[in-house]
Amino acid sequence: MITYPKNIDTIFNKLYKHNIKPVIVGGYIRDALLGIPSNDIDIELYGIDSLKKVEELLQEFGKLNSVGKSFGVCKLLYKNLDLDFSLPRKDNKIASGHQGFQITIDTHLDFKTAASRRDFTINAIGYDVKNKKILDPYQGREDLDKKILQAVDNEKFKEDPLRVLRAVVFATRFEMQLESTLTFTCKEMIKKKLLEELPKERIFQELKKLLIKSKKPSKGFYLLKELGAFSFFKEFNNLDNKKYTEVLHALDRLKKLAITDEKEFIILAFAVITSKFSNRLTEHFMYRISNEKKLIEKVIQLHTITFNLDNFGEYDIYVLAKKIDIKFYSYYLHVTSNKKEKIDYLLTKAKELDVLHHQAPALIQGKDLIDLGLKPSKEFATILEQTYEAQMKNTFHNKTAAVKWLKKNLLS
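Nothing here was measured: the structure is a model prediction, and the numbers come from that model.

Trainee: Honestly, the pairing of strand β4 (residues 73–78) in this entry has me stumped. Any pointers?
Mentor: Pairing of strand β3 (residues 64–65) with β4, which is carried by two bridges, proceeds in the antiparallel orientation. Residue pairing in the sheet places L64 in a bridge with L76 of β4. With six bridges joining them, β4 and strand β5 (residues 81–86) adopt antiparallel strand pairing. For V73, the partnering residue across the bridge sits in β5 and is S86. Hairpin connection between β4 and β5: a loop of two residues separates the two successive antiparallel strands, and K79 in this loop has a positive phi of roughly 50 degrees.

See below:
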């Protein structure tokens, strides 16, 4: 028996009236068997051969998004649930790459045949909602129990190079071992340079899943190395075993920190992963897996900032706050150094100075220079920079004193 949100029974009851059999499939069933909550539910519909008809039946339940129409999928956001409705299909390989498939919708397929296109046995489990019956033609539940990741069909597995990375992600997330034939298949696919057929966006998405959803992301990177994937992720070949181990230990430490912002975590994670690379190698690696320029800039920034934890004062903290959010930066320091007490002291002082998340507001701004009778010019930037520098050195502590210093030192 699989439990699911009962508020979608309203939808299922309407489908029954039109002789349509809904089967919950894929990740939701896998996660339910593992006791992992999810709001993403994939539902395969048997007994109907028109996606347009599906849309007509479902439109009363909310706005539909048929972004996956070419794959026979329509999406519905219903009461905070992400529902994907699809029709049974066959995938035939007709071109290279992750998307080189011809899709054939066939609602008369039996569940076993429809599930044969799926990657792993643990993702080929279904739940017949009406008959309250688990459908498991490839013994996915047994593999879950044994913690063995196994392909549904190793020959079909070879058709999609993205599945190599998915194998690494699932094995790491669920702490499973790759079945021996699957291991051999992945290694052969990598040797044939099939990873090079993948768009960088898909590679990046799988690496993100590995980092976000795994308790110990290091296991995934050890597995990538074992499978020979460093023939693709070539930058790691520049690290000896000691440096590689240090990087992965730091990555696991990062995972244990209370970082709630997903975007910040991803920046930090990639900064840690590339922390032993040169800036040139970091940039090369990041641009091969992502087009997100701001993310890449922030990763490199974390590498290039220098801060002496053994000897710093208030001025150094003010300067650091100009460059980066100190609280954010502290996460990177925590996992790449062993100076917890000094980092905690930095955070305490930054909080006292009110620069934990932003630089100190400038006491003198451009409008103040105008009020003092100056006309806007190129010199404004230099004057303001010198005044702010004096402020960071605690030469003055309020605006009145700042104006007095400015008149005496820069405007006399």
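Trainee: Help me understand helix α19 (residues 379–392), please; the structure alone is not making it clear to me.
Mentor: Turn by turn, an α-helix covers 3.6 residues, leaving residues three or four places apart pointing in a common direction. Its 14 residues place the ends of α19 20 Å apart at the C-alpha level, agreeing with the 20 Å of an ideal helix rising 1.5 Å per residue. Every buried residue belonging to α19 is among F380, I383, T387, Y388, A390, Q391 and M392, and all of these are buried. The elements touched by buried residues of α19 are α15 (314–323), α18 (366–371) and α20 (399–409). Where α19 ends, the next residue or the one after it, N394, has phi of about 60 degrees, a positive value.

Trainee: Is there a simple way to explain the sheet that holds strand β2 (residues 40–46) in this structure?
Mentor: In sheet architecture, strand pairing relies on hydrogen bonds along the backbone and comes in two forms, parallel and antiparallel. The seven strands lie next to each other as β3-β4-β5-β2-β1-β8-β9, forming an open sheet whose pairing is mixed. For this open sheet the edge positions go to β3 and β9 (133–135), each flanked by a neighbour on one side alone. Where helix α2 (residues 27–34) meets the sheet, its contacts fall on β1 (21–25), β2, β8 (126–128) and β9, and the angle it forms with β1 comes to roughly 60 degrees. This element, helix α3 (residues 51–58), spans β2, β3, β4 and β5 of the sheet and lies at about 10 degrees to β4.

Trainee: It is not clear to me how the pairing of β2 should be interpreted in this structure. Could you clarify?
Mentor: The side chains of a regular strand alternate, first on one face of the sheet and then on the other. Counting buried positions along β2 yields five of seven residues, so the element is predominantly enclosed. As defined by bridge partners, β1 adjoins β2 across five bridges and the pair is classed as antiparallel. Within β2, the position partnered with P22 by the bridge is L45. Judged from the five bridges that link them, β2 and β5 form a sheet pairing that is parallel. What sits directly across from E44, in β5, is S86.

Trainee: Explain unusual backbone geometry to me, please; I cannot follow it from the model alone.
Mentor: Trans peptide bonds make up most of the peptide bonds, and negative phi angles are found at most residues other than glycine. In this model, N19 sits at a positive phi of 60 degrees, which is unusual for a non-glycine residue. Accessibility expressed as a relative area gives 68% for N19, which makes it exposed.

Trainee: Explanation requested: the nonpolar core in the structure shown.
Mentor: As a rule of thumb, nonpolar side chains are buried together in soluble globular proteins. One finds F85, F233 and F270 to be the most contacted residues of the largest nonpolar core, which totals 122 residues. Residues contacting F233, with those up to four places away along its chain left out, are L165, I203, L207, L224, F285, R288 and I289. Formed by eleven residues, the second largest nonpolar core is a distinct cluster that contains V23, F111, A115 and V152.

Trainee: Explanation requested: the pattern of salt bridges in the structure shown.
Mentor: Opposite charge on two side chains lets them pair, provided their charged atoms get close. Counted according to the given criterion, the structure contains 22 salt bridges. Linking D31 and R30 is a salt bridge whose minimum nitrogen-to-oxygen distance equals 3.0 Å. Residue classification places D31 among the buried positions, given a relative accessible area of 8%. The exposure class assigned to R30 is buried, which follows from its relative accessible area of 5%. When salt bridges that share partners are traced, they join E44, R117 and R118 into one network.

Trainee: Even after reading the chapter, I still don't get the environment of L268, so can you show me in this structure?
Mentor: Along the chain, L268 turns up in helix α12 (residues 262–273). Discounting residues that sit within four places of it in the chain, L268 has contacts with L254, I259, L302, F328, Y331 and Y332.

Trainee: Just checking my understanding: could you explain the packing of α15 against α19 for this structure?
Mentor: A pair of packed helices can be characterised by two numbers: the angle between their axes and the separation between those axes. Their axes nearest at 9 Å, the elements α15 and α19 cross at an angle of 135 degrees. If you check the angle between α15 and α19, you find them oblique. Seen from α15, the contacting residues are Y315, Y318, V319 and K322; seen from α19, they are Y388, E389 and M392. Its residues assigned to classes, the contact of α15 with α19 shows five nonpolar, no polar and two charged.

Trainee: What is the right way to look at the packing of aromatic side chains in this model?
Mentor: Here the distance between the centres and the angle between the planes together describe a pair of aromatic rings. Taken as a whole, this structure holds 19 aromatic pairs when the rule is applied. Judged by centre distance (4.9 Å) and plane angle (20 degrees), the ring pair of F230 and F236 falls under stacked. Here F230 matches F236 in class, with each residue buried. Judged by centre distance (5.7 Å) and plane angle (45 degrees), the rings of F312 and Y345 are tilted. In this pair, F312 is assigned in the loop between α14 (293–304) and α15 and Y345 in helix α17 (residues 340–352), connecting sequence segments 33 residues apart. Since its relative accessible area comes to 16%, F312 is described here as buried. Looking at Y345, the relative accessible area reads 46%, which means it is partly exposed. In this structure, R288 packs its charged tip against the face of F232, placed 5.1 Å from the ring centre.

The rules behind the values
- Residues numbered from 1 in each chain as written.
- Predicted model: local features only at pLDDT ≥ 70, side-chain atom pairs only at ≥ 80, totals over all residues.
- Heavy atoms only, no water.
- Pairing = 2+ DSSP bridges.
- Helix = DSSP H or I, 4+ residues; strand = E, 2+ residues; numbered from the N terminus.
- Expected span 1.5 Å × (residues − 1).
- Buried < 20%, exposed > 50% of the residue type's maximum accessible area, 1.4 Å probe, protein only.
- Contact = heavy atoms within 4.5 Å.
- Axes fitted to C-alpha atoms, helices over the stretch in contact; angles between N-to-C directions.
- Core = buried A, V, L, I, M, F, W, Y, C linked by side-chain atoms within 4.5 Å.
- Salt bridge = Lys/Arg side-chain N within 4 Å of Asp/Glu carboxyl O.
- Parallel < 35°, antiparallel > 145°, perpendicular 65-115°, else oblique.
- Nonpolar A, V, L, I, M, F, W, Y, C, P; charged D, E, K, R; others polar.
- Phe/Tyr/Trp six-rings, centres within 6.5 Å; stacked < 30°, edge-to-face > 60°.
- Lys NZ or Arg CZ within 6 Å of the ring centre and 35° of its normal.

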